[in-house]
Amino acid sequence: TDSGVWVCDCMDFANDTREDLLGVVAGESFDFPTELCETQRRAVHFLSEEMGYLTAKTEVSGDETRVVVFYMSDFADEVRRTLTALKPGESKAFLMELSPQRKRLVHLIAAEMGLWSHQTTLGKLEQCVEVINLADFAAFVRTQLL
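Residues numbered from 1 in each chain as written. Predicted model: local features only at pLDDT ≥ 70, side-chain atom pairs only at ≥ 80, totals over all residues. Heavy atoms only, no water.

(A) Here's a closer look at the nonpolar core. Judged by nonpolar contacts, the single largest core of 18 residues is most densely connected at Phe75, Val79, Leu83, Phe94, Leu105, Val106 and Val131. Among the elements of the structure, β3 (64-70), α3 (73-84), α4 (100-112) and β6 (126-132) are those that each provide at least two residues to this core. The element contributing the most residues to this core is α4, with five residues. Sequence-distant contacts of Leu83, that is, excluding residues within four places in its chain, are made with Phe94, Ile109, Ala110, Met113, Leu115 and Val131. In terms of nonpolar packing, the next biggest core, distinct from the first, is built from 14 residues, Leu36, Ala43, Ala56 and Val69 among them. (Core = buried A, V, L, I, M, F, W, Y, C linked by side-chain atoms within 4.5 Å. Buried < 20%, exposed > 50% of the residue type's maximum accessible area, 1.4 Å probe, protein only. Helix = DSSP H or I, 4+ residues; strand = E, 2+ residues; numbered from the N terminus. Contact = heavy atoms within 4.5 Å.)

Here's what the structure looks like:
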């Protein structure tokens, strides 16, 4: 999170959000509406972090921005550790035995880290989410375009 002081008068929103967050079941996720303003999205992130066991991610799709809260912080930490260890050019395949929420979380963490992710098939129709560290490739392309 950013350092500094963050102050807002959104007690009703915070109370409603806490209730929503308490309703998130282990292994599941909760999507907040795209109509939230930036301050409200920050509040969701702050409150999720405050609870300690929730992971909040901002998801951008076209012009829409939403916060998705996942009750799977141990899994998120494991994914982050795994992806942090990827060297340029390396990839990691997460098998599709993952729930839809976990697949989504892998994609969001990869995007947050500047990594490329997609769903693909390995071997004999074994579905997976593959995350690739294309840092060197992206830098090469930038130099070629400039």
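Once you've had a look at it, read on.
(B) The arrangement of the sheet that holds β3 in detail. What the three strands build is an open sheet, ordered β1-β3-β2; its pairing is antiparallel. Of all the strands in the sheet, the pair left with one neighbour each is β1 (29-31) and β2 (55-61). For this sheet the average axis-to-axis angle between neighbouring strands, irrespective of direction, equals 25°. The pairing of β2 with β3 spans seven bridges and is antiparallel. Bridge pairing in β3 places Ser61 opposite Glu64. The strands touched by helix α2 (residues 38-51) within the sheet are β2 and β3, with β3 carrying the most contacts at an inclination of about 10°. (Pairing = 2+ DSSP bridges. Axes fitted to C-alpha atoms, helices over the stretch in contact; angles between N-to-C directions.)

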